[in-house]
Amino acid sequence: MQKRARNAATPVVVIAILTAGAPSTPAAGQEYTNLQVLPADITRSELNRLMLDNLRGLGLPRRANEGCLFCHVGSMATPTGEWDWASDEKPQKRTARAMMAMVEDINDRHLAEIERNWDSEVGCYTCHAGRTNPMPLTEVLSREYASGGVEGLLEAYRTLRSRYFAADAYDFRTPVLAQVADEIAAAGDVEEAAAIHRANIEYSDDTKAYHGLIHLRMAEALDSDGIDAMVRRYDELKAEHPAEAFDSVLLSFLGWRLMRSEQEAAGLRLFELNHSEYPDAYNTTEDLAYGRSLSGDPAGAIVLAEAWLARHPDHELGQRLLEDLSRR
Ligand code: HEC
Ligand code: HEC
């Protein structure tokens, strides 16, 4: 804590702001009785500053010291001067103590050894980013799914979303829930995955949220009835979902996934379909050219790249594509 103690020499004004409304913990002059990580001679303002860092790092409420109760023993019904600040009864406090020692070690030992670019210190916020549980959202949701199924997962998602949305605590962007659903589908729970994709569509105003559900249904048709069935399913899905959900990336993504999982014939078929749906998109041309090249039709790949360049003579990516295909 040497470094932190030195930081206590920050201008008085700053200290005053940080400790404004600070709690009436043990009265001035009265000693702290259970410090195992912090130095015994720590000043009252420094201790308060660190405790407020704890609150901020974990996103706990500062109002009336309520957040302190996450670690300390007391009650909102009694004055804070009567709370048992020294008690180690709560496991959260014991964990926090280990965390404080870890943070000190990171800053004073490990970071001290490297040449510093920013000279910023690691604090609770670095990992916790305003939440008590620092796991990434995907992990939190997988665990909720394992213990409470789809309902448990979606309930947890709703709760976290309403509490943390627009804070930097969790990543609520569209691909996150889709990724969790994909993992669940890969483990064989297809309908559960579909329910999660549907929830993602509801939460997101990004039409890409539809992609996961469409991929899931197409892959399902492929697995059970083969390539033609997958293509028929695509047509049905087009009738079922809004037109904005369909773009030239949709089939590209699934096509590459199939190519990578040694289902080349199915992947190539999707690239052909995508190219016929979006003939003017460069990405569908590139996908189909590489798809052909990879599945033993290098001449067909070159024909395609040449046709593109005939229509777009100055297209740089197209030129590079042709060069690359010719080298293969
Ligand atoms: C995330 C857990 C956590 C939160 C939240 C927290 N503290 Fe602490 N607090 C600790 C730990 C851990 C220690 C002991 C540090 C040590 O062993 O050196 C401690 C020690 C203290 C002590 C010294 C007690 C003694 O006599 O040994 C006081 C006073 C205190 N905290 C006040 C507060 C106040 C006020 C708040 C709210 C603004 C707060 N704490 C929030 C974890 C927390
Ligand atoms: C290097 C990353 C990292 C930093 C920095 C960090 N933590 Fe943690 N913290 C974790 C991880 C990981 C867990 C979850 C441990 C587990 O698996 O249960 C955790 C868990 C906790 C928990 C238990 C939460 C609960 O609900 O039981 C508390 C309390 C906590 N940290 C407090 C702190 C405090 C206070 C600080 C700053 C002094 C801090 N942490 C800094 C990574 C970090």
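Cut-offs used in this document
- Residues numbered from 1 in each chain as written.
- Chains lettered and ligands numbered in written order.
- Predicted model: local features only at pLDDT ≥ 70, side-chain atom pairs only at ≥ 80, totals over all residues.
- Heavy atoms only, no water.
- Helix = DSSP H or I, 4+ residues; strand = E, 2+ residues; numbered from the N terminus.
- Expected span 1.5 Å × (residues − 1).
- Buried < 20%, exposed > 50% of the residue type's maximum accessible area, 1.4 Å probe, protein only.
- Contact = heavy atoms within 4.5 Å.
- Near = heavy atom within 4 Å.
- Polar contact = N/O pair within 3.5 Å; in protein donor to acceptor, adjacent residues only side chain to side chain.
- Nonpolar A, V, L, I, M, F, W, Y, C, P; charged D, E, K, R; others polar.
- Donors = N, O, S within 2.8 Å, 3.2 Å for Na, K, Ca; no water.
- Tetrahedral: all angles 85-135°; square planar, octahedral: opposite > 155°, others 65-115°.

Turning to helix H8 (residues 190-203), a few remarks are in order. Side chains that are three or four residues apart share a direction in an α-helix, a result of its 3.6 residues per turn. End to end, H8 covers 20 Å across 14 residues, agreeing with the expected 20 Å (1.5 Å per residue, within 8%). Buried within H8 we find Ala193, Ala194, Ile196, His197, Ala199, Asn200 and Ile201. Buried residues in H8 make contact with helix H6 (137-164), helix H7 (174-186) and helix H9 (209-225).

Neighbouring residues of ligand 2: 16 residues in total, closest Met99, Cys124, Cys127, His128 and Pro134. Within the side chain of His128, a nitrogen or oxygen atom sits 2.8 Å from a nitrogen atom of ligand 2. Looking at the shell around ligand 2, the elements with two or more residues in it are helix H3 (44-58), helix H4 (91-113) and helix H5 (124-128). Top contributing element to the shell around ligand 2 by residue count: H4, with 6 residues. Grouping the constituent residues of the shell around ligand 2 by class yields 10 nonpolar, 6 polar and no charged.

Moving on to the coordination of the iron atom of ligand 2. For the iron atom of ligand 2, the protein coordination sphere consists of Met99 (SD) and His128 (NE2), at 2.0 to 2.3 Å. Each of the 6 donor atoms bound to the iron atom of ligand 2 contributes to angles spanning 82 to 180 degrees, and the resulting shape is octahedral. Here Met99, found in helix H4, pairs with His128, found in helix H5; they are 29 residues apart in sequence, far enough to count as distant. Given a relative accessible area of 35%, Met99 falls into the partly exposed group.

Surrounding the iron atom of ligand 1 are the protein donor atoms Met51 (SD) and His72 (NE2), which sit 2.0 to 2.3 Å from the metal. Classification of the site at the iron atom of ligand 1 rests on its 6 donor atoms, whose angles at the metal span 86 to 179 degrees, yielding the label octahedral. Of this pair, Met51 sits in helix H3 while His72 sits in the loop between H3 and H4, and the two are 21 residues apart along the sequence. Residue classification places Met51 among the partly exposed residues on the basis of a relative accessible area of 25%.

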